[in-house]
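Survey of secondary and tertiary structure
Okay, here's what each chain looks like letter by letter:
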Amino acid sequence: MDALTCIKTRMSIRKFKTETVPANVLTEIIDTAKWSPSYKNSQPWEIIILSGEKKKALSRKLVELLENNVPPCPDLAPPESWPEPENNRINLLYQQRFEASGIDLKDPGVIQQAKKVNFNFYGAPHAIYLLQDKSLSQWSLFDLGLFAQSLMLAAHAKGLGTVPQAFVTDYAEDVKNFLDIPTDKRLVLGISIGYPDLDSPANGLRTTREETDNILTFFE
Ligand SMILES: Cc1cc2nc3c(=O)[nH]c(=O)nc-3n(C[C@H](O)[C@H](O)[C@H](O)COP(=O)(O)O)c2cc1C
């Protein structure tokens, strides 16, 4: 698959086959993603991959915290509001989700249910966490975003599916305790990974994008 096709056909996968991914394939994806650019080549990324019993036990822990109404405390605070163009795009996504699956993401009860499915890593056989030192600047966060996209594209090129998940960082301290990770690490993003179940309605929605004319300005 050429790079342009890879970028344009990647999509978030929310239903996976149960088959596990060989460790050498997972390693190859990280081996590829580490060629992402970073500020002064600082490479501010650390990667954890959870599988099998360890992944299931973390899912149980996260669901338990949710069911006990423990308030989320992610290392990166979720946005409290959005300016207009971004807010309109979010509303469009909610509308498309509702039309495709009847799921209303504006309903708090639905959010609670959606979080549970997120905490079960959408049934993926592996869960990735991306971390970095908390003392690193916003540029390093930017770099980790580049790394995350490279990882998801490399996975897609290998026939795997991924979904980036802010939700699975809700209980950052608990995740770090569970994995014996020092508290001075910033838990930035989770990514479920596995073979995509493309026949599932959960993978039926292809999101849209803004017209290029609305985001691009040429000056001469
Ligand atoms: C930083 C970030 C956090 C996200 N968090 C979640 C999440 O917690 N749960 C989820 O199902 N999708 C999550 N997504 C996926 C977005 O909803 C998705 O990327 C967006 O709707 C565009 O769809 P696409 O990935 O299929 O192109 C996240 C994406 C990003 C980049």
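Below: a short report on this structure. (Residues numbered from 1 in each chain as written. Predicted model: local features only at pLDDT ≥ 70, side-chain atom pairs only at ≥ 80, totals over all residues.)

Scanning the protein chain from terminus to terminus reveals 7 helices and 4 strands. Secondary structure elements in the protein chain, listed N-terminal to C-terminal, are α-α-β-α-α-α-β-α-β-α-β. Relative to a compact globule of 220 residues, whose C-alpha radius of gyration would be 17 Å, the protein chain shows 18 Å and is just as compact. Counting only C-alpha atoms, the protein chain reaches 55 × 45 × 35 Å along its principal axes. Sorting the 220 residues of the protein chain into buried and exposed places 26% on the buried side. Long-range contacts, defined as pairs at least 24 residues apart, comprise 83% of the intrachain contacts of the protein chain with a sequence gap of at least 6. (Helix = DSSP H or I, 4+ residues; strand = E, 2+ residues; numbered from the N terminus. Rg over C-alpha atoms; globule rule 2.2 N^0.38 Å. Buried ≥ 20, exposed ≤ 12 C-beta atoms within 10 Å, placed from the backbone. Contact = placed C-beta atoms within 7 Å.)

Mapping Ile128 onto the fold places it in strand β2 (residues 126-133). Among all residues touching Ile128, those that are not within four sequence positions of it are Ile47, Ile48, Ile49, Gly190, Ile191 and Ile193.

Turning our eyes to something else, we now look at the site of the ligand. The environment of the ligand is made up of Met11, Ser12, Leu93, Asn118, Val163, Pro164, Gln165, Ala166, Phe167, Leu189 and Thr207. Sorting elements by how many residues they give to the shell around the ligand places strand β3 (residues 161-165) first, with 3 residues. Here the residues of the shell around the ligand are counted per class, giving 7 nonpolar, 4 polar and no charged. (Near = placed C-beta within 6 Å. Nonpolar A, V, L, I, M, F, W, Y, C, P; charged D, E, K, R; others polar.)

The phi dihedral of Lys40 is positive, around 55 degrees, even though this residue is not glycine. For Lys40, the position within the fold is in the loop between α2 (23-33) and β1 (46-51). In this structure, Tyr122 takes a positive phi of about 50 degrees despite not being glycine. Looking at where Tyr122 falls in the secondary structure, it is placed in the loop between α5 (108-119) and β2. Tyr122 gets classed as buried once you count the C-beta atoms within 10 Å, which come to 22.

Contact geometry of helix α3 (residues 52-67) with α5 gives a least axis separation of 9 Å together with a crossing angle of 165 degrees. On the basis of their axis angle, the class for α3 and α5 is roughly antiparallel. Between α3 and α5 the crossing geometry is right-handed. Counting all contacts with α3, which are made through Ser59, Leu62, Val63 and Leu66, the residues of α5 involved are Lys115, Lys116 and Phe119. The residue makeup of the contact of α3 with α5, split by class, is 4 nonpolar, 1 polar and 2 charged. (Axes fitted to C-alpha atoms, helices over the stretch in contact; angles between N-to-C directions. Parallel < 35°, antiparallel > 145°, perpendicular 65-115°, else oblique. Left-handed = near helix turned anticlockwise from the far one by under 90°.)

Our focus in this paragraph is the nonpolar core. Judged by nonpolar contacts, the single largest core of 38 residues is most densely connected at Leu130, Ala148, Leu151 and Ile191. Of all the secondary structure elements, the ones that give two or more residues to this core are α2, α3, β2, α6 (138-157), α7 (172-178) and β4 (185-194). A total of 8 residues in this core trace back to one element, the largest contributor, which is α6. Excluding anything up to four places from it in sequence, Ala148 contacts Leu130, Pro164, Leu189 and Ile191. (Core = buried A, V, L, I, M, F, W, Y, C linked by C-beta atoms within 7 Å.)

Our focus in this paragraph is the pairing of β2. Summarising burial for β2: 7 of the 8 residues are buried, a large majority. Here β2 runs beside β4; their pairing, made up of 8 bridges, is antiparallel. Across the sheet, Ala127 pairs through a bridge with Ser192, a residue of β4. (Pairing = 2+ DSSP bridges.)

Now for α3. Here α3 spans 23 Å end to end across 16 residues, near enough to the 22 Å set by a 1.5 Å rise per residue. Just downstream of α3 lies Asn69, where phi reads positive at about 55 degrees. (Expected span 1.5 Å × (residues − 1).)

What follows deals with the sheet that holds β3. Taking strand neighbours across the sheet as the criterion, the 4 strands line up as β1-β2-β4-β3 in an open arrangement whose pairing is antiparallel. Edge positions in the open sheet fall to β1 and β3, since each of these has one partner strand only. Put simply, the sheet's adjacent strands are angled 25 degrees from each other on average, direction ignored. α3 rests against β1 and β2 of the sheet, and its axis sits at about 95 degrees to β1.

A word on the packing of α2 against α6. Relative to each other, α2 and α6 sit at 135 degrees, their axes nearing to 8 Å. The angle between α2 and α6 places the two elements in the oblique class. Crossing hand, α2 versus α6: right-handed. In this structure, α2 uses Ile29, Ile30, Thr32 and Ala33 to contact α6, whose residues at the interface are Phe147, Ser150, Leu151, Ala154 and Ala155. Residue composition of the contact of α2 with α6, by class: 7 nonpolar, 2 polar and no charged.

Functional significance is not addressed by these values, which are geometric in nature.
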